[in-house]
Amino acid sequence: MSKIQEPHEEARLTISNFQVDYDQLGNKIYLQVATETENDSVANVHVQIVANEFPLDTMFTLNDIAQAGDLIAMNGIYSGDFDILLPFQEYLLKAVVQTHSDIEVNSEEYILIEEQFLPEFVELIFWKKYADGSGYEIDYNNSSFFINDEDTSYLYFQIKIKDLNGLENIQSIRYQTITNWYYADGEGCNSDCMVDCITTSPVFYMSNIASNDSIFTYEAINDYIKEPGFEINPTSICNRFGVITFNFVAFDTFYGSLAIEEINLLFSNCSEGDWNCEEDCQYCPGVCLECEE
Ligand SMILES: [Ca+2]
Ligand SMILES: [Ca+2]
């Protein structure tokens, strides 16, 4: 009798989808095998899990009766939730569907369970730049971004992040700024204020430009912020003095969104009496006095 049924059944017996989801914090595995087969012909659906380094060979039987993680009964999708602690290594998972007439199909998948590391802040470097790309690095702990009197300049920066899980583990590096001008005076100021004007920026994304082992460099240039960086209007447009706080956030695929660093950059102008005369002498002759050509 099975001589007629078998080829027919075999033609239809497939695994259309095999899903594996391991919850590393809860030590639970969810397995789902979608068959394109009528339930009454399926005798057994199971998943074998095999590993070599820390040897493991175990098997879980899935159900299609809406139990233990199976949502809908008798829909041809077999599932199950199981408790299992999987040490850090690679696993082969083999889903097997067997019919009553001993026809079998299988589908294989490899998963790698690895230790999860938090992204770490390594360093941030600010530059004051000009339209031609020239400029100099700013030591934000000891110096400030000097706002020119008449000429536009640009703020450019890079951040270095370390994550031992690799670059693909970092979905994005973002930041938001809080600007606190102690004073801001002029027609070009977004909001005129004599004392404390505080504004918050939208969220900006950074672009990955280099990777070295597990250290990744991101820069502030992206589709919206063009080279050489953020335009900094001169004091002739808006005379201001204050601090911009940069709040950097890393989005790790495992841990989600994490605040990684908060950095303050002081913005000062020539009239505050302090200036980087070595690099920027001609923009503040009042402080620097004689400039070498
Ligand atoms: Ca089901
Ligand atoms: Ca990570």
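Numbering of residues starts from 1 in each chain and follows the order in which that chain's sequence is written. The lettering of chains begins at A and the numbering of ligands begins at 1, in the order of writing. Predicted model: local features are reported for residues with pLDDT of at least 70 only, side-chain atom pairs are reported and counted for 80 or more only, and whole-chain, interface and lining totals are derived from all residues.

Novice: In this structure, what is going on with the overall build of the protein chain? I would like to understand it.
Specialist: The helix count covers DSSP runs of H or I at least four residues long, the strand count covers runs of E at least two residues long, and both are numbered beginning at the N terminus. Within the protein chain, the secondary structure is distributed over three helices and 19 strands. As a reference, a globule follows 2.2 Å times the number of residues to the power 0.38, and the radius of gyration itself is taken over C-alpha atoms. The C-alpha atoms of the protein chain give 30 Å as radius of gyration, which overshoots the globular expectation for 293 residues (19 Å, by more than 25%). Viewed in the frame of its principal axes, the protein chain has a C-alpha envelope of about 105 × 40 × 30 Å. Considering only intrachain contacts with a sequence separation of at least 6, the fraction spanning at least 24 residues in the protein chain is 62%. The contact criterion used is a C-beta to C-beta distance within 7 Å, with each C-beta placed from the backbone.

Novice: Explanation requested: the domain arrangement of the protein chain in the structure shown.
Specialist: When the parts of a complex come together, some accessible area is lost, and that lost area is often used as the size of the interface. Domain delimitation in this document rests on an assignment produced automatically or drawn from a domain database. Splitting the protein chain by domain gives domain 1 (2-113) and domain 2 (120-271). Summarising the inter-unit geometry, the C-alpha centres of domain 1 and domain 2 are found 50 Å apart.

Novice: Explanation requested: the pairing of strand β18 (residues 239-252) in the structure shown.
Specialist: Within a regular beta strand, the side chains point alternately toward one face of the sheet and then the other, so they alternate between its two faces. Judged from the 14 bridges that link them, strand β12 (residues 170-185) and β18 form a sheet pairing that is antiparallel. Within β18, the position partnered with threonine 177 by the bridge is phenylalanine 246. Only strands that DSSP links by at least two bridges are regarded as paired with each other. Examined bridge by bridge, β18 and strand β19 (residues 256-269) share 11 bridges and lie antiparallel to one another. Each residue of the ladder has a partner; that of valine 243, found in β19, is leucine 266.

Novice: Explain the sheet that holds strand β3 (residues 42-51) here, please?
Specialist: The strands making up a sheet associate through backbone hydrogen bonding, with each pair oriented either parallel or antiparallel. Taken in spatial order, the four strands of this open sheet run β4-β3-β6-β7, and their pairing is antiparallel. Here the strands that pair on one side only, and so sit at the sheet edges, are β4 (56-61) and β7 (104-113). Taking each pair of neighbouring strands and ignoring which way they run, the sheet shows an average axis angle of 20 degrees. Strand direction decides the pairing type here: β3 and strand β6 (residues 89-99), joined by eight bridges, are antiparallel. Only the stretch in contact is used when fitting a helix axis, every axis being a line fitted to C-alpha atoms; angles between N-to-C directions are given from 0 to 180 degrees.

Novice: Looking at this structure, I do not really get the nonpolar core. What am I missing?
Specialist: Across soluble globular proteins, you tend to see nonpolar side chains buried next to one another. Nonpolar cores are built from buried Ala, Val, Leu, Ile, Met, Phe, Trp, Tyr and Cys residues. These are joined into a set through C-beta atoms within 7 Å. Exposure classes come from backbone-placed C-beta atoms, where a residue is buried if 20 or more other C-beta atoms lie within 10 Å of its own, exposed if 12 or fewer do, and partly exposed in between. Residues Phe157, Ile159, Ile161, Ile173, Met206 and Tyr218 are the most contacted members of the largest nonpolar core, which totals 17 residues. Of all elements in the fold, only β11 (153-162), β12, β16 (215-219) and β18 reach the threshold of two or more residues within this core. In terms of residue count, β11 provides more of this core than any other element does, six residues in total. Discounting chain neighbours no more than four positions away, the residues touching tyrosine 218 are Gln158, Ile159, Ile161, Ile173, Met206, Ser207, Asn208 and Ile209. Membership of the second largest hydrophobic core comes to 15 residues, among which are Leu31, Ala34, Val45 and Ile49.

Novice: Even after reading the chapter, I still don't get the pairing of β3, so can you show me in this structure?
Specialist: Here β3 runs beside β4; their pairing, made up of six bridges, is antiparallel. Note that in β4 the partner of isoleucine 49 across the bridge is threonine 58. The hairpin turn running from β3 into β4, its antiparallel successor, is four residues long.

Novice: Is there a simple way to explain the sheet that holds strand β1 (residues 15-23) in this structure?
Specialist: Taken in spatial order, the three strands line up as β1-β2-β5 in an open sheet, and their pairing is antiparallel. Of all strands in the sheet, those with a lone pairing partner are β1 and β5 (77-83), marking the two edges. Strand after strand, the sheet turns through a mean of 10 degrees between neighbouring axes, direction not considered. Taken together, the seven bridges between strand β2 (residues 28-35) and β5 define a ladder with antiparallel strand orientation. Bridge pairing in β5 links leucine 31 to glycine 80.

Novice: Would you explain unusual backbone geometry in this entry?
Specialist: Of note, the bond from glutamate 227 into proline 228 is cis; its omega dihedral lies within 30 degrees of zero at 0 degrees. Looking at the element boundaries, proline 228 is found in the loop between β16 and β17 (230-232). Backbone geometry places methionine 74, a non-glycine residue, at a positive phi of 55 degrees. Following the sequence through the fold, methionine 74 ends up in the loop between β4 and β5. Judged by the 12 C-beta atoms lying within 10 Å of it, methionine 74 falls in the exposed class.

Novice: What's the story with the environment of serine 101 in this structure? I'm lost.
Specialist: As for its placement among the helices and strands, serine 101 is situated in the loop between β6 and β7. A residue is classified by how many C-beta atoms lie within 10 Å of it, and serine 101, with 14 of them, is partly exposed.

Novice: I tried to follow the environment of glutamine 98 on my own but got confused; where do I start?
Specialist: Looking at where glutamine 98 falls in the secondary structure, it is placed in strand β6. For glutamine 98, a count of 17 C-beta atoms within 10 Å translates into the label partly exposed. In this structure, the C-alpha to C-alpha distance between glutamine 98 and valine 45, residues 53 residues apart in sequence, is 6.4 Å. Excluding residues within four positions of it along the chain, glutamine 98 makes contact with Ala43, Asn44 and Glu104.

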